[in-house]
Amino acid sequence: QSFCSRMDVESTQSNTDIESELSELTGIQKVLKSPGTIIGLIIYSIIFIVFLIIFTPNFYCAAKWWEILIIAILFLSTNITMFYLDIFTGKLKGLDEKAVDLWTIVHFLAGCIFGVMFPFLWMEILNIGWEILEYTTKGLGDKESMGNRVVDAIAVTCGWFVVVLSLYAQDRFIEFPLVFGDGC
């Protein structure tokens, strides 16, 4: 065997070994072993915080504090529960193959909380950005079916519309918040 073909065989074996090792790990273990995932999460978090600083002070005025609190508690409690059961412990298996799963509820509630934080355009940037992050990194949803990704993105958008249309119907916005959210 030539040197190059031996290197190809060794490389293929090491890639297979790495993939096999990663498939045995829970989501959080995959995340911690993947520098790309950690970097992606940091970048997403920075973008989220920038959007939060820019839009939320002018946008959340449409909702009352207790409405925001109820949505935040629902979102955080379901997200923490799902994170623990699925990503941290790995107890929930087979969710990635189904288009609609328990994470759909979390995505819908994320849309609801985004409905009191961001105008439509910026919410969609975060929404689609998250789905891209899940697709391109390890441990966050890299095994999800395309149907699941689409349903997740639609669930976020639907949650946003439920909250924003409810507030808009009560005349809490001066204009519908497509790009800017300073219309309270």
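Conventions used here
- Residues numbered from 1 in each chain as written.
- Predicted model: local features only at pLDDT ≥ 70, side-chain atom pairs only at ≥ 80, totals over all residues.
- Heavy atoms only, no water.
- Phe/Tyr/Trp six-rings, centres within 6.5 Å; stacked < 30°, edge-to-face > 60°.
- Buried < 20%, exposed > 50% of the residue type's maximum accessible area, 1.4 Å probe, protein only.
- Helix = DSSP H or I, 4+ residues; strand = E, 2+ residues; numbered from the N terminus.

J.: Describe in detail the packing of aromatic side chains, supporting the description with residues and values.
T.: On inspection of all chains with the given rule, the structure shows 12 aromatic pairs. Between phenylalanine 114 and phenylalanine 118 the ring centres are 5.4 Å apart and the planes differ by 75°, which places this aromatic pair in the edge-to-face class. On the basis of relative accessibility, which here comes to 9%, the residue phenylalanine 114 falls in the buried class. Overall, phenylalanine 118 belongs to the buried group, its relative accessible area being 0%. A centroid spacing of 5.9 Å and a plane angle of 85° characterise the contact between tryptophan 160 and phenylalanine 176, whose relative ring orientation is edge-to-face. Taken together, the residues span a long stretch of sequence, with tryptophan 160 in helix α7 (residues 146–169) and phenylalanine 176 in the segment after α7 at a distance of 16 residues. Among the residues examined, tryptophan 160 registers a relative accessible area of 0% and is labelled buried. Site record: aromatic cluster; members linked through ring pairs are Phe48, Phe51, Phe114, Phe118 and Trp122.

J.: A description of unusual backbone geometry should follow, citing residues and the corresponding values.
T.: Of note, aspartate 171 is a non-glycine position whose phi angle comes to about 60°, a positive value. As for its position among the elements, aspartate 171 is in the segment after α7.

J.: Provide a residue-level description of helix α4 (residues 65–88), including the pertinent values.
T.: Taken together, the buried positions of α4 are Glu67, Ile68, Ile71, Phe75, Met82, Asp86 and Ile87. Once α4 finishes, glycine 90 follows within two positions and takes phi at roughly 75°, a positive value.

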